[in-house]
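Tertiary structure, described
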Amino acid sequence: MQGQASHLPPNEHRYLDVIGVAKSFKGAAIMDQMNFRVAKGELVSLLGPSGCGKTTLLRIIAGLLQADTGDIVLGGRNLSSLPAHKRNISVVFQNYALFPHLTVAENVAFGLRARGTSKADAARPVADALALVRMDAFADRPVSALSGGQQQRVAVARALVVSPDLLLLDEPFSALDRKLRETMQIELKALLRNRGITAIFVTHDQDEAMGVSDRIAVMNKGKIEQFAEPSTLYAQPASPFVMDFVGLSTRLSGRVTEQAGGIATVTTNVGPVRARSGLAAGTPVLLGVRPELITPDPTAEMNQISVQLDDVMTLGSKTVLHGATTDDDNFLCELSGIRTDYKRGQTVTWGWAVDDTLIHAVPA
Amino acid sequence: MIMRLDRIGLLAVPGLAFLAVIYALPLVLLLFKSVQGVDGLTLITYIDFFGDEFNQVVLWRTLRVALLTTLLALAIAYPTAFAMARAKGIWLNVFLVALVLPMSLGVIVKAFAWSILFRSNGFLNTSLQSLGITDEPIRMLFTETALIIGAANVFLPFMVLPIYTVVRQLNRNLPEAASSLGATPWFRFTRVTLPLTLPGVVAGSAFTFSLAISMYVIPSLIVGERQQTLSMLIARSFLYLRNEPLGSTISAVLLAIAIFVVLFSSWLAGRLGARK
């Protein structure tokens, strides 16, 4: 899957078009030549570690930050020179940014009032929006009296009531506790789908991105490393960074020692490992295997390595085996269900299909 | 009902005791003199005070000067507080030093410095004339305008700091959220920024007004005897006229105004903050 850089959907799906956006702060480039397209009605995540430029990109799209160069086109309208308040792009902030001096209903009415709608005319859509997020009973409460989840619902209602052309959400679930987070993700995804809203989530949480998005753009150092469906990102990561950032894996470094008919044999610290790749002999590589693809009962045609178990974690729905780490290599295997037949210190043989080996050339 | 002594509350005892002995007690003794007649309590001094046309002029002037001083300080302080809240590192220190350092200079030094600026052959008048804006020197010293400008200068930190504190705590996403919801800069300011910073404005204005209504040194130095204020009347009553009942009466009037301002501003701040 080397060189798969098609971040760009076909033209007819182009709704949001970020073209050649560059931004630097105090001489340091945050992003350079950013190109990014989203289709209408798509739910997309910008996923990456802090400092990767995902929030910067979100703020540039929203008009809260001015790009040095490049264009933002939304629905055929070039927004680049428009201030935030003329873009019709709503933002849900990480801290929700509800107006503390206004009630729940007044918060939701804000966007309509700002657009010149009278108080009377705003009442109906505000009530509808609050009903949509099941907050109608709280209309006259001050926002400080709300829990985190309720505040998030109000922030979503406030953002949607103005019928935005695009909805941007900056780490919208990070302030919620784990259980509530999942509920809210399901709820919000259904809501956005039903209303055909085009939305971009910014997050550093891969589970969250996988859960809510049609496609995920994995960002690193101001660049999109891969922009694909969650399943593709996981099964065919385009780079070691994506492989590491999305999901866990057994990782081995080595060097290609033999190339025969599209199968590269890599010499590693734990023996030879085969992968489907055209990389030439002599190439230093990083190998990865997703932990659930590894079996402790390998067949003859599989890659096989011998691993001494360092830890066995019983997590209920699955059991995770950790092999003793050597150098930069690490060994991880997931088996479904509770397995009591494996003990710490035991040496086992792991195997996986040649086609399941992820392989990436790395700088020597 | 069970009386429960809050142990943390005990920490306030020294301060309360100090205030009671050094502030409240003498004040009550002083105020008592204003209602102490030859044969029992009387309000005659109050009737006399408010009946006198000169006193009415002074009272009105004192209120007017305090109000205009507050407004001028507010107009200068409000944008400054935003710049300060945005400032970082060395610039924030520059702002703070610029605010606090002049306080240590003392009013008297400033007052004489102003006279160099404002007098008829002073810097301002010579500049205006050499630029051809005016032909003759304008009378600036000993005017109410000079007093207001001087007082606003002295009290500026008391206006800036409370507003700065509130602005600095303002969540910067709030104006951004307003913009993304379609609010023009004006709508955003009037519906979000201003209402959320009003508590700072109220606190700063209450400080400044209280200081300005009772100021004595600044008007004595800038306008002198020509345009008296309530504080100067009090001093004159005690020091020159030896009329304790009159001095106490004016003190009581001044205190009443100050109490009103404090109560009104805390009521206003409570109302503004009620929804938070």
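What counts and how
Residues numbered from 1 in each chain as written. Chains lettered and ligands numbered in written order. Predicted model: local features only at pLDDT ≥ 70, side-chain atom pairs only at ≥ 80, totals over all residues. Heavy atoms only, no water. Domains from an automatic or database assignment. Contact = heavy atoms within 4.5 Å. Buried area = accessible area lost by both parts, 1.4 Å probe. Salt bridge = Lys/Arg side-chain N within 4 Å of Asp/Glu carboxyl O. Polar contact = N/O pair within 3.5 Å; in protein donor to acceptor, adjacent residues only side chain to side chain. Helix = DSSP H or I, 4+ residues; strand = E, 2+ residues; numbered from the N terminus. Nonpolar A, V, L, I, M, F, W, Y, C, P; charged D, E, K, R; others polar. UniProt positions renumbered as here; feature names shortened; annotations may be inferred. Buried < 20%, exposed > 50% of the residue type's maximum accessible area, 1.4 Å probe, protein only. Core = buried A, V, L, I, M, F, W, Y, C linked by side-chain atoms within 4.5 Å. Pairing = 2+ DSSP bridges. pLDDT = per-residue confidence, 0-100. Axes fitted to C-alpha atoms, helices over the stretch in contact; angles between N-to-C directions. Parallel < 35°, antiparallel > 145°, perpendicular 65-115°, else oblique. Left-handed = near helix turned anticlockwise from the far one by under 90°.

1. Some remarks on the domain arrangement of chain A
All names here are of chain A. Structurally, chain A comprises domain 1 (11-240) and domain 2 (248-361). One C-alpha centre belongs to domain 1, the other to domain 2; they are set 39 Å apart. On the domain 2 side, the residues contacting the seven residues of domain 1 number seven residues. For the domain 1 and domain 2 pair, buried surface summed over both sides reaches about 550 Å², with 55% attributable to carbon and sulfur atoms. The largest per-residue losses of area from domain 1 upon contact with domain 2 belong to Y234, P237 and P240, which jointly make up 81% of the total buried on that side. Viewed at the interface, domain 2 and domain 1 are joined by zero salt bridges. At the boundary of domain 1 and domain 2, one finds three residue pairs in polar contact (both at pLDDT 80 or more). With three residues, the single largest contributor to the side of domain 1 that touches domain 2 is helix α7 (residues 230-235). Of the residues that constitute the side of domain 1 that touches domain 2, the class distribution is six nonpolar, one polar and no charged.

2. Describing the UniProt feature "domain: ABC transporter" (unreviewed entry) in chain A
With numbering matched to this structure, UniProt assigns "domain: ABC transporter" (unreviewed entry) to residues 16-246 of chain A. Taken end to end, residues 16-246 of chain A has its terminal C-alpha atoms 25 Å apart, with 36% of it in helix and 26% in strand.

3. With respect to unusual backbone geometry
Residues and elements named next belong to chain A. Here the phi dihedral of N88 falls at roughly 60°; this positive angle occurs in a residue that is not glycine. Within the fold, N88 resides in the loop between β5 (77-78) and β6 (89-92). At K221, a residue that is not glycine, the phi angle is positive and equals roughly 50°. By the element assignment, K221 lies in the loop between β9 (215-220) and β10 (223-228). Judged by its relative accessible area of 71%, K221 is exposed.

4. Details of the nonpolar core
Residue and element names in this part refer to chain A. Judged by nonpolar contacts, the single largest core of 48 residues is most densely connected at L16, F36 and I61. Per-element accounting of this core gives the leading share, five residues, to helix α1 (residues 54-62). Discounting chain neighbours no more than four positions away, the residues touching L16 are F36, R37, V38, I61, I72, V73, L74, L166 and I200.

5. Regarding the sheet that holds β5(A)
All names here are of chain A. Ordered by their spatial adjacency, four strands build an open sheet running β2-β1-β4-β5, and the pairing between neighbours is antiparallel. The sheet is open, and its two borders are formed by β2 (28-38) and β5, each paired with just one other strand. Across seven bridges, strand β1 (residues 16-25) lies against β2 in antiparallel orientation. By the bridge assignment for β2, K23 is matched with M31.

6. Some details on the confidence of the model for chain A
Per-residue pLDDT for chain A has a mean of 90; in total, 96% of the residues score no lower than 70. When the criterion is pLDDT under 50, residues 1-6 of chain A qualifies, and its contacts beyond four places in sequence or with other chains add up to six contacts.

7. Observations concerning the side chain of A:T283
Residues and elements named next belong to chain A. Tracing the backbone through its elements, the reader meets T283 in the loop between β13 (271-276) and β14 (284-289). A polar contact is formed between the side chain of T283 and the backbone oxygen of A280, at a distance of 2.6 Å. Sequence-distant contacts of T283, that is, excluding residues within four places in its chain, are made with G254, R255, V256 and A361.

8. Considering the side chain of A:T56
Residues and elements named next belong to chain A. On the secondary structure map, T56 appears in helix α1. Residue classification places T56 among the buried residues on the basis of a relative accessible area of 13%. Setting aside anything within four residues of it in sequence, one finds T56 in contact with K23, I30, M31 and L65.

9. Observations regarding the packing of helix α4 (residues 148-160) of chain A against helix α5 (residues 178-195) of chain A
Residues and elements named next belong to chain A. Where α4 meets α5, the axes come as close as 11 Å, and the angle between the chain directions of the two elements is 15°. Between α4 and α5, the angle falls in the class roughly parallel. Crossing of α4 over α5 shows right-handed handedness. Residues G149, Q152, R153, V156 and L160 of α4 lie in contact with α5, whose contacting residues are L180, M184, E187, L188, L191, L192 and R195. Here the contact of α4 with α5 is composed, by residue class, of seven nonpolar, two polar and three charged.

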